Amino acid sequence: MSTRFFQFVGGDTGVWRVVKTHTLIGEPLLDVARLDVVAGQDNASQPDSGWLLRGITSNERYVERAEKNTLVEKQQGLGRPEATCAALIPIRKNAAWWALTQDERRHIFEGQSQHIQIGLDYLPAIARRLHHCRDISENEPFDFLTWFEFAPTDEEAFNQMLMQLRASEEWQYIDREVDIRLVRE
Ligand code: HEM
């Protein structure tokens, strides 16, 4: 059975080498040399000098049927051999965001920010998986662990997408964001 639970272990081991860690807002994460992605609940422990972030994949909250159909049509899975670059971007949203109602959040997320419309432009080049942390506990250091994989030739496009998203209304509600770039080697 496939697991919904993933652990991201920053330390000295793992198939992903950290190329760059950039804190955009909020408290930084300790710089580490490598990242290990562990599927499932077991077999991971916090490294002596590093960190461990946990998240679970979940049901979708915002996407509408027509958007979902387009996403499913265009998106690629993780683990493509040519996708040797990755980004782990842990994100936390502020109390004002969590105080909104579902329809208010959807309005900001897509009506004002066009998160899905922007993202769709970058498929199938960028593959992604969204992990929720609040489904584990409200004491996790982030609300979301976002994971992306792409070929080196698509890195520029990935950066362009980030510029668009970070300029959006939705990003006004983000109070912690760390951008960790990785290569598989
Ligand atoms: C949520 C698509 C890129 C961060 C979502 C959702 C979709 C989506 C459909 C909503 C899921 C739901 O209905 O619950 C895409 C596509 C992208 C992309 C197609 C292109 C590759 C990004 C990037 C980031 C990001 C680059 C971060 C730097 C998030 C976060 C959420 C989210 C944090 C959760 C929002 C919330 O629940 O408040 N994305 N996205 N996405 N995405 Fe993206």
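Here's a quick rundown of the structure.

Rules behind the numbers
Residues numbered from 1 in each chain as written. Predicted model: local features only at pLDDT ≥ 70, side-chain atom pairs only at ≥ 80, totals over all residues. Heavy atoms only, no water. Helix = DSSP H or I, 4+ residues; strand = E, 2+ residues; numbered from the N terminus. Rg over C-alpha atoms; globule rule 2.2 N^0.38 Å. Buried < 20%, exposed > 50% of the residue type's maximum accessible area, 1.4 Å probe, protein only. Contact = heavy atoms within 4.5 Å. Areas by Shrake-Rupley, 256 points an atom, 1.4 Å probe, with all protein chains shown as cover. Lys, Arg positive; Asp, Glu negative; His and termini not counted. Charge placed at Lys NZ, Arg CZ, Asp CG, Glu CD. Donors = N, O, S within 2.8 Å, 3.2 Å for Na, K, Ca; no water. Core = buried A, V, L, I, M, F, W, Y, C linked by side-chain atoms within 4.5 Å. Near = heavy atom within 4 Å. Polar contact = N/O pair within 3.5 Å; in protein donor to acceptor, adjacent residues only side chain to side chain. Nonpolar A, V, L, I, M, F, W, Y, C, P; charged D, E, K, R; others polar. Arc of directions from axis to C-beta. Salt bridge = Lys/Arg side-chain N within 4 Å of Asp/Glu carboxyl O.

What follows is about the overall build of the protein chain. For the protein chain, the helix and strand inventory stands at 5 helices and 8 strands. Taken from N to C terminus, the helices and strands of the protein chain fall in the order β-β-β-β-α-β-α-α-α-β-β-α-β. Rg of the C-alpha trace for the protein chain: 16 Å, near the compact-globule value of 16 Å for 185 residues, within the 12% margin. Principal-axis analysis of the C-alpha atoms gives the protein chain an extent of 45 × 35 × 35 Å. Residues counted as buried form 44% of the 185 residues belonging to the protein chain. Expressed as a percentage of contacts within the protein chain between residues at least 6 apart in sequence, the contacts between residues at least 24 apart total 78%. Surface accessibility of the protein chain: about 9,900 Å² in total, with carbon and sulfur atoms responsible for 48%. Separation between the mean location of the 21 positive side-chain charges and that of the 29 negative ones in the protein chain comes to 2 Å.

Exactly one donor from the protein chain reaches the iron atom of the ligand: His115 (NE2), at 2.1 Å. Relative to the elements of secondary structure, His115 occurs in helix α4 (residues 115-120).

Phe8, Leu35, Trp51, Leu88, Trp147, Ile180 and Leu182 are the most contacted members of the largest nonpolar core, which has 18 residues in total. For this core, the secondary-structure elements that each account for two or more residues are β1 (5-11), β2 (16-25), β4 (51-56), β5 (85-93), β7 (144-150) and β8 (174-184). At 3 residues, the largest contribution of residues to this core is made by β8. Here Ile180 is in contact with Val18, Lys20, Thr21, Leu29, Trp51, Ala86, Ala87, Leu88 and Pro90, once residues within four sequence places are set aside. The next biggest cluster of nonpolar side chains, apart from the first, holds 17 residues, and it includes Ala87, Tyr122, Leu162 and Val183.

So, about the site of the ligand. The environment of the ligand is formed by 24 residues, the closest being Arg61, Tyr62, Val63, Lys93 and His115. At a separation of 2.8 Å, an oxygen atom of the ligand approaches a polar side-chain atom of Lys93. Broken down by secondary-structure element, the contributors of at least two residues to the shell around the ligand are β5, α4, β6 (127-132), β7 and α5 (155-166). Along the lines of polarity and charge, the residues of the shell around the ligand split into 16 nonpolar, 3 polar and 5 charged.

Before going further, it helps to examine helix α3 (residues 102-112). For α3, the complete set of buried residues consists of Arg105, Arg106, Ile108, Phe109 and Glu110. Down the axis of α3, the buried set is contained in an arc of 165°. They therefore lie on one face. Those residues of α3 that are buried lie in contact with α1 (65-74), α2 (95-99) and α4. Of the residues trailing α3, Gln114 is marked for its positive phi of about 50°.

Tracing the backbone shows Gln7 in strand β1. Accessibility expressed as a relative area gives 4% for Gln7, which makes it buried. For the pair formed by Gln7 and Arg54, sequence separation is 47 residues and the distance between their alpha carbons is 4.5 Å. Discounting residues that sit within four places of it in the chain, Gln7 has contacts with Asp36, Val37, Val38, Gly40, Gln41, Asp42, Ala44, Leu52 and Leu53. A polar side-chain atom of Gln7 sits 2.9 Å from the main-chain carbonyl oxygen of Gly40.

Here Glu149 shows up in strand β7. At 5.1 Å, Arg184 is the nearest oppositely charged side chain to Glu149, a buried residue that forms no salt bridge. A polar atom in the side chain of Glu149 sits 2.6 Å from the backbone nitrogen of Gly79. In contact with Glu149, other than residues within four places in its own chain, are Trp16, Leu78, Gly79, Arg80, Ala83, Cys85, Ala86, Ala125, Ile126 and Ala127.

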